[in-house]
Amino acid sequence: MLIEPLAIDGAWTVTPKKFGDPRGLFMEAFKADLLAEVIGHPFDLQQQNLSVSAAGVLRGVHFADVPPGQAKYVSCPRGAIFDVVVDIRVGSPTFGAWDGVLLDDVDRRAVYVGEGLGHAFVSLEDDSVVTYLCSTGYNPTGEHGVHPLDPEIGIEFPTTARDGSALEYTLSDKDTDAPSLSEARSMGLLPDRDDVAAFLRGLAES
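Residues numbered from 1 in each chain as written. Predicted model: local features only at pLDDT ≥ 70, side-chain atom pairs only at ≥ 80, totals over all residues. Heavy atoms only, no water.

Further remarks concern the sheet that holds strand β13 (residues 143–145). Strand order in this open sheet of 5 strands is β9-β8-β11-β6-β13, and the pairing throughout is antiparallel. Two strands close off the open sheet at either side, each with one partner strand: β9 (98–104) and β13. Averaged over all pairs of adjacent strands, the angle between their axes in this sheet comes to 25°, without regard to strand direction. (Pairing = 2+ DSSP bridges. Helix = DSSP H or I, 4+ residues; strand = E, 2+ residues; numbered from the N terminus. Axes fitted to C-alpha atoms, helices over the stretch in contact; angles between N-to-C directions.)

Per the UniProt record, "active site" (unreviewed entry) is found at His-62 and Tyr-132. A maximum C-alpha distance of 12.8 Å among these annotated residues, which run over 71 residues, shows that they cluster at one spot. One can find His-62 in strand β6 (residues 58–64). Classification of His-62 as partly exposed rests on a relative accessible area of 28%. Among residues more than four places away in sequence, those in contact with His-62 are Lys-72, Leu-117, Gly-118, His-119, His-144, Gly-145 and Asp-175. Among the polar contacts made by the side chain of His-62, one reaches the main-chain amide nitrogen of Gly-60 at a distance of 3.4 Å. You can see Tyr-132 is positioned in strand β12 (residues 128–134). For Tyr-132, the residues in contact, after removing those within four places along its chain, are Gln-47, Gln-48, Asn-49, Leu-50, Ser-51, Arg-59, Tyr-73, Val-74, His-119 and Phe-121. (UniProt positions renumbered as here; feature names shortened; annotations may be inferred. Buried < 20%, exposed > 50% of the residue type's maximum accessible area, 1.4 Å probe, protein only. Contact = heavy atoms within 4.5 Å. Polar contact = N/O pair within 3.5 Å; in protein donor to acceptor, adjacent residues only side chain to side chain.)

Moving on: the sheet that holds strand β7 (residues 72–78). Ordered in space as β1-β2-β10-β7-β12-β5, the 6 strands form an open sheet in which the pairing is antiparallel. Lying at the two open borders of the sheet, with one neighbouring strand each, are β1 (2–5) and β5 (47–53). For this sheet, the mean inter-axis angle between neighbouring strands, taken without regard to orientation, is 20°. Across 5 bridges, β7 lies against β12 in antiparallel orientation. From the neighbouring strand, Arg-78 faces β12, where its bridge partner is Val-129.

The following block contains the structure:
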């Protein structure tokens, strides 16, 4: 299992070693000890979510209040998605920056999204399945969003599906109505870099 940092501090890709033969394939999809070594604290798994999305479905940019935050370990066991991490931590030197990676049923890579970061993805194939291992449970009053097509962030989502056809983005009403990054900042919704760092230090020391 290879764990490598993304361009956004606090996020990593996890590429498993696959063992295949004529019967199929086996791999270790999650290893708590290796992940803890990299992120600096144990990943406290509290909830697993699963979504199924048609090609062009765009979800995000979602994030949670810190504390308690919500770290996510995201993978795509069927289909393909373009997965995106956004730095929404006020005061961060990379505030507003993003990085993206293909998650699919070929490489079977995963992405770890740390507390205080925003997360989004677009499905590149019908019936793409995404699993999320989460460090906290669902908290509707503490979870927010930024519009994924906000030009201030400028995420370069793919425009072509896995089969080569043109993608037409489909957003939920909640994501369509989400504020821009600047609006979310003025509303006081975004996490502060120093608060996130203090929270992570607490996790490492506990």
